[in-house]
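# Residue-level structure breakdown
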Amino acid sequence: MAPGNSHAEGPTPADIINQDLSNYLLIICGAVSAAVIAWKSVDLITKYARTVVGANNDRQHYFARPSPNAASIKKHVLYAPVLSKRHNREIQLSSAINVGTLPTRFQLLFLTAYFITNVIFCVIDIPYAESYSEVAGMVRNRSGIMAVINMIPLFILAGRNNPLIPLLGISFDTYNLIHRWFGRIVALEAITHTVAHWARGGWLPSIQGTFQNPSFIWGFTATCAFTVLCIQAWSPLRHAFYEFFKLLHIALAALSIVGLWFHLSLLKNSYIRYLYPIMALWALDRAGRALRLFWFNIGRSRTRTVVEALPGNACRVTMTLARPWNFRPGQHAYLYMPGISLWQSHPFSVAWHEGADDTNSDRLVSHVQDRAVMQKSQISFVIRARTGFTDSLYQKVAGSSAGKMEPVCFVEGPYGAKHALDSYGTVVLFAGGVGVTHQVPYVRDLVAGFRDGVVATRRVLLVWTIQSPEHLEWIRPWMTEILAMEKRRDVLRIMLFVSKPRSSKEIHSPSSTVQMFPGRPNAETLLAMEQEQQVGAMAVSVCGPGALSDEVRLAVRRRQTRSNIDFIEEAFSW
């Protein structure tokens, strides 16, 4: 089961074609990445120019005008679900069985084009007029080569420290989707490779021979690892046994590389050279994660963590890091709590960041330099109890005598590409439940930027949907600080929607800029109101349940032709 063998007399015409096709596939991946980087670069330059012009300009009429071509592309391709509306809302066969989400049309177009390209590359330029055995041998070699080549982008997308993520501006949700589909392509090509080998030499003799040749045993092991990886990553299994899924996923990925390494080395196959970058990528990512863990958690003292129970089955995690953290809105981090989940790390949006003095240090602050060294970062998360790790954490802290505990906890991050919102004259932030933690840092950043005159933003609207008023406690200390900021009333409005109020007395608006309503927001109506008074370009961001995200996405698409409006969705699908 070898993806092509080395020939002492030199490469055959089939080997040359296989090498050319493998190069073409790598070129296609590189060209797509370069095109997206160029697109993002132009977008960043445009936004920078818009920020510079709009920072001292309250009108910004030019930037509010929609481009018919851009509006059409955003409405029908970039922001459009495969069908009419559903994208981020999970498809559930029952309350316990979740089969995942649907991609956008742009994601589907890319994945379909890449899948078809791989099919074509596996079957093109094969002389089908030759004998059955010869054709099967060529399909075997070709599919094996394509599987090895596709492992390079597969493992790039598997890493948290992948440099393409900030360069391409790929969201956590999108690169997870692409990673899963690249994995399926590799698995299908590995299975094709194995089946073609069995067909080439006769089914029964070839299958028997597989377990008599060390190289074939290792190759079959790699194929089995790829296949099980594909099966166990299926959404119902992944969601039902997530903790076990992560451990098994890593173990099977390692097994696939080991199996493929011995398979190719025993055959003295030249394509083993492609395993070097794959192993290097994995090793560098793991080393990068370890360095991040060490740098931010180990210093003159280790990271200190306080977890406190909140109403609504949630808890607030506040960490004083060992070293300063250069935080930006929109970032997330992974938390390790060995006392709750020994091996696992879990991603959460950073809800708040501020400096904190190392009050436990024994050093005396003798001058400014000493104080700068002792300055640390304090970051906070709000975690709502669901299942697994989050439920175990909440139950443990809620069951403590003081409703608070100080567990051993380490943070890995920050991760996430920042969406620059400071170039938009109008910003509308939708949040559902704990999704508000993603939006709060943007609110503070934009209000501070407006106060200092360094952003184009003139209107900020935060629309937060909660089930009960008690959920306001999740972010109360941070919102109190934001509401006290200078010039806040000139730029920020907050609309709170309580979907399940216990009585009408719970619904009361503190002021004209902070209003509370029963029920759920109508995204279409709210955006229509904002467009009537829109200043400059408008950004609409959403973070929350899939149903809310899909409603906001639909409203943005419907209003594309009325003004310049961009849509940003933050999702942590897994």
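Nothing here was measured: the structure is a model prediction, and the numbers come from that model.

### Observations concerning the pattern of salt bridges
Counting across every chain of the model gives 16 salt bridges. Arg558 is paired through a salt bridge with Glu524; the nearest N and O atoms lie 3.6 Å apart. Residue Arg558 is found in helix H19 (residues 546-558), and its partner Glu524 is found in helix H18 (residues 523-532); the two are separated by 34 residues along the sequence. For Arg558, a relative accessible area of 46% corresponds to the partly exposed category. On the basis of relative accessibility, which here comes to 24%, the residue Glu524 falls in the partly exposed class.

### Points about the sheet that holds strand S9 (residues 426-432)
Ordered by their spatial adjacency, 6 strands build an open sheet running S12-S11-S10-S9-S13-S14, and the pairing between neighbours is parallel. Each edge of the open sheet carries a strand with a single partner, namely strand S12 (514-518) and strand S14 (565-569). The average undirected angle you get between the axes of adjacent strands in this sheet is 15°. Sheet topology places strand S11 (residues 492-498) next to S12; 5 bridges connect them, and they run parallel. Among the inter-strand pairings, Val498 is bridged to a residue of S12, identified as Pro518.

### Regarding unusual backbone geometry
The omega torsion of the bond from Gly413 to Pro414 falls at -5°, within 30 degrees of zero and hence cis. Residue placement: Pro414 occurs in strand S8 (residues 410-415). The phi angle at Asp125 is positive, at roughly 55°, despite the residue not being glycine. Structurally, Asp125 is set in the loop between helix H4 (105-123) and helix H5 (132-158).

### Here we look at the nonpolar core
Membership of the largest hydrophobic core comes to 43 residues, with the highest contact counts inside it found for Met146, Met151, Phe155, Tyr175, Phe226, Leu260 and Ile278. No other element matches H5, which puts 10 residues into this core. In this structure Leu260 touches Val148, Met151, Ala222 and Leu275, once residues within four positions along its chain are discounted. In this structure, Val460, Leu462, Ile475 and Ile494 belong to the second largest nonpolar core, which totals 41 residues.

### Re the packing of helix H7 (residues 172-200) against helix H8 (residues 203-210)
A pair of packed helices can be characterised by two numbers: the angle between their axes and the separation between those axes. Across the interface, H7 lies against H8 with an axial gap of 6 Å and an inter-helix angle of 120°. Comparing their axes, H8 and H7 come out oblique. Contacts between H7 and H8 pair Val195, His197, Trp198 and Ala199 from the former with Trp203, Ser206, Ile207 and Thr210 from the latter. Classifying every residue of the contact of H7 with H8 by side-chain character gives 5 nonpolar, 3 polar and no charged.

### Examining empty space enclosed by the protein
The tally for this structure, following the rule as stated, stands at 2 cavities of 30 Å³ or more. In this model, the largest cavity occupies a volume close to 100 Å³. Of all the secondary structure elements, the ones that give two or more residues to the lining of the largest cavity are H5, H7, helix H9 (214-232) and helix H11 (242-266). In terms of residue count, H9 provides more of the lining of the largest cavity than any other element does, 4 residues in total.

### Points about the pairing of strand S1 (residues 304-310)
Two elements, S1 and strand S2 (residues 314-320), share 7 bridges in a ladder whose sense is antiparallel. Along S2, the bridge assignment pairs Glu308 with Arg316. Hairpin remark: S1 followed by S2, antiparallel, with 3 residues in the connecting loop; positive phi at Gly312, about 80°. Both S1 and strand S7 (residues 404-405) contribute to a ladder of 2 bridges, which runs antiparallel. Residue Val307 lies in a different strand from S7, and its bridge partner there is Met405.

### A word on a nonpolar patch on the surface
A surface patch of nonpolar side chains, about 670 Å² in accessible area, is lined by Phe115, Ile116, Val119, Ile120, Val123, Ile124, Tyr128 and Leu188. At 5 residues, H4 tops the list of elements feeding residues into the nonpolar patch. Taking the relative accessible area as the measure of exposure, Phe115 reaches 35% and is therefore partly exposed.

### Things to note about the UniProt feature "transmembrane region" (unreviewed entry) in the protein
In the numbering used here, UniProt assigns the feature "transmembrane region" (unreviewed entry) to residues 21-39, 108-129, 141-158, 216-235 and 247-267. The span residues 21-39 shows a helical share of 100% and a strand share of 0%, and its end C-alpha atoms are spaced 27 Å apart. Annotated as 73% helix and 0% strand, the span residues 108-129 places its first and last C-alpha atoms 35 Å apart.

### A closer look at the environment of Gly30
Within the secondary structure layout, Gly30 lies in helix H1 (residues 13-54). For Gly30, a relative accessible area of 39% translates into the label partly exposed.

### Digging into the sheet that holds S8
On the basis of which strands lie adjacent, the open sheet formed by 3 strands has the order S4-S3-S8 and antiparallel pairing. The open sheet has two edge strands, strand S4 (345-349) and S8, and neither has a second partner. For this sheet, the mean inter-axis angle between neighbouring strands, taken without regard to orientation, is 25°.

### Considering the pairing of strand S10 (residues 459-466)
Along any regular strand, the residues point their side chains to alternate faces of the sheet. Across the 8 residues of S10, 8 count as buried, placing the element largely inside the fold. Residue alternation in S10 divides its side chains into two sets, Arg459, Leu461, Val463 and Thr465 and Val460, Leu462, Trp464 and Ile466, and both sets are buried. Pairing between S9 and S10: 7 bridges, direction parallel. Opposite Val427, over in S10, you have Val460 as the bridge partner. Handedness of the crossover joining S9 and S10 through helix H15 (residues 436-452): right-handed. Looking at chain direction, S10 and S11 are connected through 7 bridges and run parallel. Pairing of Ile466 across the sheet is with Val498, part of S11.

### Side note on the packing of aromatic side chains
For the coordinates displayed, the defined rule picks out 15 aromatic pairs. With centroids separated by 5.8 Å and ring planes inclined at 65°, the aromatic side chains of Tyr79 and Phe567 adopt a geometry described as edge-to-face. Residue Tyr79 is located in the loop between helix H3 (68-78) and H4, and its partner Phe567 is located in strand S14; the two are separated by 488 residues in the primary sequence. We note that Tyr79, like Phe567, is buried. Arranged with centres 6.0 Å apart and planes meeting at 10°, the rings of Trp352 and Trp478 form a pair that is stacked. Of the two residues, Trp352 is situated in strand S5 (residues 352-357) and Trp478 in helix H16 (residues 476-483); the sequence distance between them amounts to 126 residues. Residues Trp352 and Trp478 agree in their burial class; the two are buried. Three or more aromatic residues link up through ring pairs in this structure, and these residues are Phe110, Tyr114 and Phe182. The ring of Trp39 has Lys40 lying over it, and the distance from NZ or CZ to the ring centre is 5.2 Å. Above the plane of the ring of Tyr334 lies Arg160, whose end atom (NZ or CZ) is 3.5 Å from the centre.

Reading the values: the criteria
- Residues numbered from 1 in each chain as written.
- Predicted model: local features only at pLDDT ≥ 70, side-chain atom pairs only at ≥ 80, totals over all residues.
- Heavy atoms only, no water.
- Salt bridge = Lys/Arg side-chain N within 4 Å of Asp/Glu carboxyl O.
- Helix = DSSP H or I, 4+ residues; strand = E, 2+ residues; numbered from the N terminus.
- Buried < 20%, exposed > 50% of the residue type's maximum accessible area, 1.4 Å probe, protein only.
- Pairing = 2+ DSSP bridges.
- Axes fitted to C-alpha atoms, helices over the stretch in contact; angles between N-to-C directions.
- Core = buried A, V, L, I, M, F, W, Y, C linked by side-chain atoms within 4.5 Å.
- Contact = heavy atoms within 4.5 Å.
- Parallel < 35°, antiparallel > 145°, perpendicular 65-115°, else oblique.
- Nonpolar A, V, L, I, M, F, W, Y, C, P; charged D, E, K, R; others polar.
- 1 Å grid on protein atoms, 1.4 Å probe; cavity = no way out; pocket = protein on both sides within 12 Å on 5 of 7 lines; lining within 4 Å.
- Points joined across faces, edges and corners; volume = space filled by probe spheres on them.
- Patch = residues over 30% accessible without salt bridge, like charges linked within 9 Å, V, L, I, M, F, W, Y side chains within 5 Å.
- Areas by Shrake-Rupley, 256 points an atom, 1.4 Å probe, with all protein chains shown as cover.
- UniProt positions renumbered as here; feature names shortened; annotations may be inferred.
- Right-handed = clockwise from strand over helix to strand, strands pointing away.
- Phe/Tyr/Trp six-rings, centres within 6.5 Å; stacked < 30°, edge-to-face > 60°.
- Lys NZ or Arg CZ within 6 Å of the ring centre and 35° of its normal.

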